[in-house]
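# Observations on the three-dimensional arrangement
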Amino acid sequence: MSILPIKTRFRGPAPVADPDQADIIDETLDLFRANSLFRNFEIKGPADRILIILILFVSDCLFKIGNARTVPTGLEASKMLNTLAVDSFPIPGDANFPLNAHYAPPGSRVDAEYLRTYLTQVRQELAARLVERLYADGTNKPNKWWMAFQKRRFMNRSLST
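Here is a short report on the structure shown in this document. (Residues numbered from 1 in each chain as written. Predicted model: local features only at pLDDT ≥ 70, side-chain atom pairs only at ≥ 80, totals over all residues. Heavy atoms only, no water.)

### Topic: helix α3 (residues 74-86)
- With 13 residues, α3 ought to run about 18 Å at 1.5 Å a step, and its terminal C-alpha atoms sit 18 Å apart, in line with that.
- All of the buried residues along α3 are G74, A77, M80, L81, L84 and A85. Buried residues along α3 cover an arc of 140 degrees about the axis, so they all sit on one side. Residues of α3 that are exposed and point over 90 degrees away from its buried face: L75 and K79.
- Buried residues along α3 sit against α2 (46-66) and α4 (109-134). (Helix = DSSP H or I, 4+ residues; strand = E, 2+ residues; numbered from the N terminus. Expected span 1.5 Å × (residues − 1). Buried < 20%, exposed > 50% of the residue type's maximum accessible area, 1.4 Å probe, protein only. Arc of directions from axis to C-beta. Contact = heavy atoms within 4.5 Å.)

Shown next, in the form of structure tokens:
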């Protein structure tokens, strides 16, 4: 799996991207709603593998916000999704990773730990930017056009167990 540069506010191993260029997180958020309708996804390169993981994470984030007891405010959603981002999660090669057939496991324990810290950083940044988009209208309620996709499953998969 490739390590792509991102524009981030969080500490981690990801290379810093050009602030004037779109990064993988922008691409994930721009393409999420269209891609979430797909049952199949052709992997053309290593960036597509990261894109798949991030789309599945966005789906899990929307599901978490949608299943809250009360409609969360922007601040509550930010806390909820940041907690989800840093919680323990499987990486390729782990027994409970849902897409092991499509991903090669890391070569060593050091590589696995590097991948886990990279994905944690990317998940934190993605969660922060997702909250910005969900609550962009200033009503302190999530955007209904985004929340309509909370039950859609990209490739009929989920990262959560």
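Back to the write-up after that little detour.
### Focus on the side chain of S59
- You can see S59 is positioned in helix α2.
- Here S59 falls in the buried class, since its relative accessible area comes to 1%.

### Here's the deal with the pattern of salt bridges
- Enumeration over the complete set of coordinates arrives at seven salt bridges.
- The partner of R9 in a salt bridge is E132, with the nearest N and O atoms 3.3 Å apart. Of this pair, R9 sits in the segment before α1 (24-35) while E132 is found in helix α4, placing the two residues 123 residues apart along the sequence.
- The exposed category is assigned to R9, whose relative accessible area is 54%. (Salt bridge = Lys/Arg side-chain N within 4 Å of Asp/Glu carboxyl O.)

### Concerning the packing of α3 against α4
- Across the interface, α3 lies against α4 with an axial gap of 9 Å and an inter-helix angle of 165 degrees. By the angle between their directions, the pair α3 and α4 is classed as roughly antiparallel. At the point where α3 passes α4, the crossing takes the right-handed sense. Between α3 and α4, the residues in contact are G74, A77, S78, L81, N82, L84, A85 and V86 and T120, R123, Q124, A127, L130 and V131, respectively.
- Classifying every residue of the contact of α3 with α4 by side-chain character gives eight nonpolar, five polar and one charged. (Axes fitted to C-alpha atoms, helices over the stretch in contact; angles between N-to-C directions. Parallel < 35°, antiparallel > 145°, perpendicular 65-115°, else oblique. Left-handed = near helix turned anticlockwise from the far one by under 90°. Nonpolar A, V, L, I, M, F, W, Y, C, P; charged D, E, K, R; others polar.)

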